[in-house]
Amino acid sequence: MRQAQTLNEAQLRRVVQYCRSRRHPVRDETIVLFSFYAGLRAKEIAALKLGDVCDQTGAVREQFILDAVQSKGGKTRTVYLNQRLRRALAEYAAGLNLCDLNRALFESQKGGHFSANTMCQLFLDIYKAVGLKDASSHSGRRTYITRLANKGVGVRLLAELAGHSHISTTQRYIDVNAEQLSAAVELL
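Residues numbered from 1 in each chain as written. Predicted model: local features only at pLDDT ≥ 70, side-chain atom pairs only at ≥ 80, totals over all residues. Heavy atoms only, no water.

**Q** Quick question: what am I supposed to make of helix 7 (residues 139-150) here?
**A** The periodicity of an α-helix, 3.6 residues per turn, causes residues three or four places apart in sequence to face the same way. The end-to-end C-alpha distance of helix 7 is 16 Å, a good match for the 16 Å that 12 residues give at a rise of 1.5 Å each. For helix 7, every residue scored as buried is listed here: S139, G140, R141, R142, T143, Y144, I145 and T146. (Helix = DSSP H or I, 4+ residues; strand = E, 2+ residues; numbered from the N terminus. Expected span 1.5 Å × (residues − 1). Buried < 20%, exposed > 50% of the residue type's maximum accessible area, 1.4 Å probe, protein only.)

**Q** Explain the side chain of S35 here, please?
**A** With respect to the helices, strands and loops of the structure, S35 is situated in helix 2 (residues 25-38). On the basis of relative accessibility, which here comes to 0%, the residue S35 falls in the buried class. Residue contacts for S35: discarding those within four places in its chain leaves L40, I45, F123, S137, G140, R141 and Y144. (Contact = heavy atoms within 4.5 Å.)

**Q** Where do I start with the environment of T78 in this structure?
**A** Structurally, the position occupied by T78 is in strand 2 (residues 77-80). Sequence spacing of T78 and Q121 is 43 residues, and the spatial spacing of their C-alpha atoms is 26 Å. Among residues more than four places away in sequence, those in contact with T78 are Q63, F64 and I65.

**Q** Explain the packing of aromatic side chains to me, please; I cannot follow it from the model alone.
**A** In this description, a pair of aromatic rings is defined by centroid distance and the angle of the planes. A full pass over the atoms with the stated rule returns three aromatic pairs. Note on Y92 and F106: the rings are 5.2 Å apart at their centroids and 40 degrees apart in plane angle, and the pair reads as tilted. Here Y92, found in helix 5 (residues 83-94), pairs with F106, found in the loop between helix 5 and helix 6 (116-129); they are 14 residues apart in sequence, far enough to count as distant. Since its relative accessible area comes to 1%, F106 is described here as buried. These aromatic residues form a ring-pair network of at least three members: F34, Y92 and F106. (Phe/Tyr/Trp six-rings, centres within 6.5 Å; stacked < 30°, edge-to-face > 60°.)

Shown next, in the form of structure tokens:
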């Protein structure tokens, strides 16, 4: 099975720029950023509730627990949100009614949670529109893990962040290219 394409910074900027032209610009951009900056799967993004990421005052949390029913493999894990994602979430949450923290964080056009399949389709539609034919809903997750690995984060820590039980699974996510190999030998 072919792996999802990892995106470089220019491609990510193109995706974000395109999201801003869509019918639901802030929602779609925030969904994409969740994939790239928290490494969540489409299924996990679709299952998020407003109360997972915001408290009752609307303040965005620095971390939250992804419930076993929300994740793959039925395992709970802590998701850490970086500053860029927290800023995007704060902007997105500012337009939401905070009365019901159990509602879907990202509502579909029909209301309520996206299904995992519709969330995957949303990613495919966005990537296709910007000309990324090998990208999928997993591209953000692969890019997240690869970028952290390239910055020197150890595979054990990456496995924990990704929610993988085995580091061998995490290792398959790390994309290696000629530019990285060339930079690696320059460390000598």
